[in-house]
Amino acid sequence: MSDVSYALDVRDGRIGEVMGREGGYVQLRPVGGGREWDCPPEALEEAAPGDVLRARVRRVNREGRLP
């Protein structure tokens, strides 16, 4: 079982891995890696497992495309 938690930033629909808290904000990292962003706690919802899976598949598909 994984201890990783994911959240949905309701401001723009992005799903991110919860990395920590800094200055009153929650820091999220995109599913699969990338640049973190800050989100106010009131703009977060728990991400459903199916939404996390879809975000992972989108990332893999995007990375697998040929130029």
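Computed from a predicted model, the values in this text were never measured in an experiment.

### Looking at the environment of A48
Inspection of the secondary structure puts A48 in the loop between β5 (44–46) and α1 (49–64). For the pair formed by A48 and L8, sequence separation is 40 residues and the distance between their alpha carbons is 8.5 Å.

### Some details on the pairing of strand β1 (residues 6–9)
Regular strands have side chains that alternate between both faces of the sheet. Burial of the side chains of β1 extends over both faces: Y6 and L8 are buried on one face and A7 and D9 on the other. Across four bridges, β1 lies against strand β2 (residues 14–22) in antiparallel orientation. Bridge pairing links A7 to G16 in β2. The hairpin turn running from β1 into β2, its antiparallel successor, is four residues long, and G13 in that turn takes a positive phi close to 85°. Two elements, β1 and β5, share three bridges in a ladder whose sense is antiparallel. Considered in β5, the bridge of D9 is made with L44.

### What about the layout of surface pockets?
Of the voids in this model, the largest pocket is the one considered here, and its volume is about 180 Å³. Lining the largest pocket are R14, I15, P30, V31, W37, A55, R58, R59 and R62. Here the element with the most residues in the lining of the largest pocket is α1; it accounts for four residues. Across the lining of the largest pocket, the residue classes break down as five nonpolar, no polar and four charged.

### A closer look at the sheet that holds β5
Strand order across the open sheet formed by five strands is β4-β3-β2-β1-β5, with antiparallel pairing between neighbours. Of all strands in the sheet, those bounded by a partner on one side alone are β4 (37–39) and β5. Taken over all neighbouring pairs, the strand axes of this sheet differ in orientation by 50° on average, direction set aside.

### Topic: the pattern of salt bridges
Evaluation of the coordinates by the stated rule reveals five salt bridges. The salt bridge involving D9 is made with R11; its shortest N-O contact spans 2.8 Å. In this structure D9 comes out as buried when scored by relative accessible area, which is 0%. Measuring nitrogen to oxygen at the nearest pair gives 2.7 Å for the salt bridge that ties E63 to R59. One end of the pair, E63, and the other, R59, are both in helix α1, four residues apart, so they sit about a helical turn from each other.

Reading the values: rules and limits
Residues numbered from 1 in each chain as written. Predicted model: local features only at pLDDT ≥ 70, side-chain atom pairs only at ≥ 80, totals over all residues. Heavy atoms only, no water. Helix = DSSP H or I, 4+ residues; strand = E, 2+ residues; numbered from the N terminus. Buried < 20%, exposed > 50% of the residue type's maximum accessible area, 1.4 Å probe, protein only. Pairing = 2+ DSSP bridges. 1 Å grid on protein atoms, 1.4 Å probe; cavity = no way out; pocket = protein on both sides within 12 Å on 5 of 7 lines; lining within 4 Å. Points joined across faces, edges and corners; volume = space filled by probe spheres on them. Nonpolar A, V, L, I, M, F, W, Y, C, P; charged D, E, K, R; others polar. Axes fitted to C-alpha atoms, helices over the stretch in contact; angles between N-to-C directions. Salt bridge = Lys/Arg side-chain N within 4 Å of Asp/Glu carboxyl O.

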